[in-house]
Amino acid sequence: MIAIRRLSPPEVIADVDPLAEVLFDCVDGGASVSFMAPFTREDARAWFLGVVPELEAGNRALLAAYDGDALVGTVQFVHAWPPNQPHRADITKLLVHRDARGRGAGRLLMEAAEAAARADGKTLLVLDTVTDSSAYRLYKSLGWTEVGEIPDFALYPDGRLCATTVFYKRI
C-alpha cells in the first residue's frame, strides 16, 4: 500500500538519499525532468538539498510516496512568486521510480499535491510535461485541462528534443 507524506525540511535532509535515488532513476531512464546526462546520484542529492531553503521559507512543498518503508516517488508544488498570483502554484518534479510504476503512486502523489495546495490556499495549479508521455496521460485522466503544446521545448537527458504540453487545473 502506497502512503503519501508531506515532508518537512529536516525530513527531506534525512531522506535525501532515497529522494536522490528516485530522481537519478528517472533521469537514468530517460525522463525529461530538467537534467542532462551524465547525471549522478550526487547531482540528484545536491538538487534535493538545494530545495531545502525554499521549503524552509514556505515557497515550496515536497510530498513523497512510500511503499512500506521504501520511498518510491515524489512531487512538489512551488508557490507562484508574483504578488498578483497568490492563488497559484506550479506542480513540478512528479517522479516515480521505475520499479514502482504501475501501482498508482503517481496518481496518489498528484491527488495529495492538489489537496495540499488547496489547504495552502491555492485555487489554480499549472504544470508542463512531455507530450504523449505516461505523465501526460495521467494528468488528462485526473481532469487537468490542456492549454497547448510547445514543440522542441526541452531536451531528454540524451540531448534529443521533445515537445511539452502545458496544463492547468482549478482546485
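Coordinates for the structure precede this section.
Residues numbered from 1 in each chain as written. Predicted model: local features only at pLDDT ≥ 70, side-chain atom pairs only at ≥ 80, totals over all residues. Heavy atoms only, no water.

Engineer: Which residues make up the pairing of strand β5 (residues 124–130), and what are the values?
Structural biologist: Burial runs high along β5: five of the seven residues are buried. For the crossover that starts at strand β4 (residues 88–96), traverses helix α4 (residues 105–119) and ends in the parallel β5, the hand is right-handed. Where β5 lies against strand β7 (residues 161–170), seven bridges are found, and the strand directions are antiparallel. Across the sheet, Asp128 pairs through a bridge with Val166, a residue of β7. (Buried < 20%, exposed > 50% of the residue type's maximum accessible area, 1.4 Å probe, protein only. Helix = DSSP H or I, 4+ residues; strand = E, 2+ residues; numbered from the N terminus. Right-handed = clockwise from strand over helix to strand, strands pointing away. Pairing = 2+ DSSP bridges.)

Engineer: With reference to specific residues and values, describe the side chain of His79.
Structural biologist: Tracing the backbone through its elements, the reader meets His79 in strand β3 (residues 70–79). A distance of 3.4 Å separates the side chain of His79 from the backbone oxygen of Gly58, its partner in a polar contact. Not counting the four nearest positions on each side in its chain, His79 is found in contact with Gly58, Asn59, Arg60, Arg88, Ala89, Asp120 and Lys122. (Polar contact = N/O pair within 3.5 Å; in protein donor to acceptor, adjacent residues only side chain to side chain. Contact = heavy atoms within 4.5 Å.)

Engineer: Lay out the packing of aromatic side chains in plain terms, naming residues and giving numbers.
Structural biologist: Summed over all chains, the structure comprises six aromatic pairs. Aromatic pair Phe35 and Phe39: ring centres 4.8 Å apart, planes at 35 degrees, arrangement tilted. Residue classification places Phe35 among the buried positions, given a relative accessible area of 14%. In this structure, Arg160 packs its charged tip against the face of Tyr156, placed 4.4 Å from the ring centre. (Phe/Tyr/Trp six-rings, centres within 6.5 Å; stacked < 30°, edge-to-face > 60°. Lys NZ or Arg CZ within 6 Å of the ring centre and 35° of its normal.)

Engineer: So what's going on with the pattern of salt bridges? Which residues, and what values?
Structural biologist: Across all of its chains, the model carries 12 salt bridges by this definition. As a salt-bridge pair, Asp25 and Arg98 come within 2.8 Å of each other at their nearest N and O atoms. Of this pair, Asp25 sits in helix α2 (residues 16–28) while Arg98 sits in the loop between β4 and α4, placing them 73 residues apart in sequence. Given the relative accessible area of 37%, Arg98 is considered partly exposed. Residue Glu54 pairs with Arg60 through a salt bridge whose shortest N-O separation is 3.2 Å. By sharing partners, the salt bridges in this structure join Asp25, Asp28 and Arg98 into a single network. (Salt bridge = Lys/Arg side-chain N within 4 Å of Asp/Glu carboxyl O.)

Engineer: An account of the packing of α2 against helix α3 (residues 41–57) is requested, with residue identities and associated values reported.
Structural biologist: Where α2 contacts α3, the axes come no closer than 8 Å and their chain directions differ by 120 degrees. When the axis of α2 is compared with that of α3, the two are oblique. Where α2 crosses over α3, the two elements pack in a sense that is right-handed. Where α2 abuts α3, its residues Val16, Asp17, Leu19, Ala20, Glu21, Leu23 and Phe24 lie against Arg41, Ala44, Arg45, Trp47, Phe48 and Leu49. (Axes fitted to C-alpha atoms, helices over the stretch in contact; angles between N-to-C directions. Parallel < 35°, antiparallel > 145°, perpendicular 65-115°, else oblique. Left-handed = near helix turned anticlockwise from the far one by under 90°.)

Engineer: Could you give me a rundown of the environment of Glu21, with the residues and numbers involved?
Structural biologist: You can see Glu21 is positioned in helix α2. Each C-alpha atom of the pair Glu21 and Arg45 lies 8.1 Å from the other, and the pair is 24 residues apart in sequence. Not counting residues up to four positions away in its chain, the partners in contact with Glu21 are Arg41 and His97.

Engineer: Give a description of α3 that names residues and reports values.
Structural biologist: For α3, spanning 17 residues, the distance from its first C-alpha to its last is 26 Å, which sits close to the expected 24 Å at 1.5 Å a residue. Residues of α3 that are buried include every one of Ala44, Phe48, Val51, Val52 and Leu55, and no others. Among the residues trailing α3, Gly58 stands out with phi positive, at a value near 80 degrees. (Expected span 1.5 Å × (residues − 1).)

Engineer: So what's going on with the pairing of β3? Which residues, and what values?
Structural biologist: With respect to burial, β3 is a largely interior element, nine of its 10 residues being buried. Direction of pairing for strand β2 (residues 60–67) relative to β3: antiparallel, over a ladder of eight bridges. If you follow Ala65 over to β3, its bridge partner there is Gly73. What sits between β2 and β3 in their antiparallel hairpin is a turn of two residues, with Gly68 showing a positive phi close to 70 degrees.

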